[in-house]
Amino acid sequence: MYLKIALCDDSQADRAYLSGLAEQWAARAGHQVRVTCFESAEQFLFEYAEKNDYDILLLDVEMGAMDGVTMAKKLRAENDLIQIIFITGYSDYIAEGYEVAALHYLMKPVGAEKLFAVLDRAAEKTAKNEKALYFETGGEMVRVPVYQIRYAEVAGNYVTLHALADLTVKMTLGDLEKELDERFYRVGRSVVVNLIQIARVTKSEIRLLDGASIHLPRGAYEGVNRAIIQMR
């Protein structure tokens, strides 16, 4: 598998160390990688405006004028595919990572085996983003990439998939679940939600990254949070 990895860290020593580990991981895992290093958030965003095809981002939280969390929020506004791995010397930012669907936090100093394990997960998720579902509706075949599905809800004999464009098809929610993967969680009887798309959970609702609100049935709060933790 060919992967493009961006590494953004204002420490030259850390950039050299982490890029070396990423290349070691790729050689061991049988992947081909291209690691590009950036010394600031501004430098990354400038190049990203032209080349927005990175698969994995290793991102230092504590940088100069723009910190890693602020940069991640700007990035997530237009890219929900890239796997963000925060690297930090402090644990105070973990809640911020929840908002930008960060794959993981790694505490400095970063150990090789911990980084390798997280990069394995990032590669698996990148591969899964290539999966798509096909539906015949209105006399045509419609392709819906799985990663684009934010949530799906049932009404009668029909399920509406909320993706880049909403699509309503005749099927059961159970049949749809069989086509999905561990990123999706059944909320009560009527909704399946993409855990990656969740921004926050309260006792009464799930709020998605795009601002959409999903009613949370009584007693479902703990299950949703447990599913999110297991995903990470």
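Parameters and conventions
- Residues numbered from 1 in each chain as written.
- Predicted model: local features only at pLDDT ≥ 70, side-chain atom pairs only at ≥ 80, totals over all residues.
- Heavy atoms only, no water.
- Axes fitted to C-alpha atoms, helices over the stretch in contact; angles between N-to-C directions.
- Helix = DSSP H or I, 4+ residues; strand = E, 2+ residues; numbered from the N terminus.
- Parallel < 35°, antiparallel > 145°, perpendicular 65-115°, else oblique.
- Left-handed = near helix turned anticlockwise from the far one by under 90°.
- Contact = heavy atoms within 4.5 Å.
- Pairing = 2+ DSSP bridges.
- Polar contact = N/O pair within 3.5 Å; in protein donor to acceptor, adjacent residues only side chain to side chain.
- UniProt positions renumbered as here; feature names shortened; annotations may be inferred.
- Expected span 1.5 Å × (residues − 1).
- Phe/Tyr/Trp six-rings, centres within 6.5 Å; stacked < 30°, edge-to-face > 60°.
- Buried < 20%, exposed > 50% of the residue type's maximum accessible area, 1.4 Å probe, protein only.
- Arc of directions from axis to C-beta.

Draft legend 1. The packing of helix α1 (residues 12-29) against helix α5 (residues 112-128), seen in detail. Closest axis-to-axis distance for the α1/α5 pair is 10 Å, and the angle between their directions is 60°. Between α1 and α5, the angle is such that the two are oblique. Read as a crossing pair, α1 and α5 show a hand that is right-handed. Residues Y17, L18, L21, A22, Q24, W25, R28 and A29 of α1 form the contact with α5, whose participating residues are A112, E113, L115, F116, L119, D120 and A123.

Draft legend 2. Looking closely at the sheet that holds strand β10 (residues 167-170). Pairing is antiparallel across the open sheet formed by five strands, whose spatial order is β10-β9-β8-β12-β11. Sheet topology places β10 and β11 (184-187) at the edges, where each strand pairs with a single neighbour. Each strand of the sheet is rotated relative to its neighbour by a mean of 20°, with strand direction disregarded. Inspection of the sheet shows strand β8 (residues 151-155) paired to strand β12 (residues 191-194) by three bridges, in the antiparallel sense. The residue bridging Y151 from the neighbouring strand is V193, located in β12.

Draft legend 3. The arrangement of the side chain of D181 in detail. In this structure, D181 sits in the loop between α6 (173-179) and β11. Side chain to side chain, D181 and R183 meet in a polar contact 2.7 Å long. For D181, the contacting residues outside a window of four places in its chain are K128 and V146.

Draft legend 4. Local environment of the UniProt feature "modified residue: 4-aspartylphosphate" (unreviewed entry) in the protein. The UniProt entry lists D60 under the feature "modified residue: 4-aspartylphosphate" (unreviewed entry), expressed in the numbering used here. Inspection of the secondary structure assignment puts D60 in strand β3 (residues 56-60). Apart from the residues lying within four places of it in its own chain, the contact partners of D60 are C8, D9, D10, G68, I87 and K108.

Draft legend 5. Expanded view of α1. Over its 18 residues, α1 extends 26 Å from the first C-alpha to the last, a length consistent with the 26 Å expected when each residue adds 1.5 Å. Contact partners of the buried residues in α1: β1 (2-8), β2 (32-38), β4 (83-88) and α5. Directly beyond the C-terminal end of α1, a positive phi value near 80° is found at G30.

Draft legend 6. Structural detail: the packing of aromatic side chains. Scanning the entire structure with this criterion turns up five aromatic pairs. Here F38 and Y54 contribute two aromatic rings whose centre-to-centre distance is 6.1 Å and whose plane-to-plane angle is 85°, an arrangement assigned as edge-to-face. Separated by 16 residues along the polypeptide, F38 in strand β2 and Y54 in the loop between α2 (41-48) and β3 bring together distant segments of the chain. On the basis of relative accessibility, which here comes to 5%, the residue Y54 falls in the buried class.

Draft legend 7. Representation of unusual backbone geometry within the structure. Going from K108 to P109, the amide bond is cis rather than trans, its omega being -5°. On the secondary structure map, P109 appears in the loop between β5 (104-107) and α5.

Draft legend 8. Representation of α2. Within the span of α2, buried status applies to A41, F44 and Y48. Seen end-on, α2 carries its buried residues on one side only, within an arc spanning 65°. As for α2, its buried residues are in contact with β1, β2, β3 and α3 (68-76).

Draft legend 9. How the structure looks around the environment of K128. The residue K128 is located in helix α5 in this model. For the pair formed by K128 and V61, sequence separation is 67 residues and the distance between their alpha carbons is 27 Å. If sequence neighbours within four positions are ignored, K128 has contacts with D181, E182 and R183.

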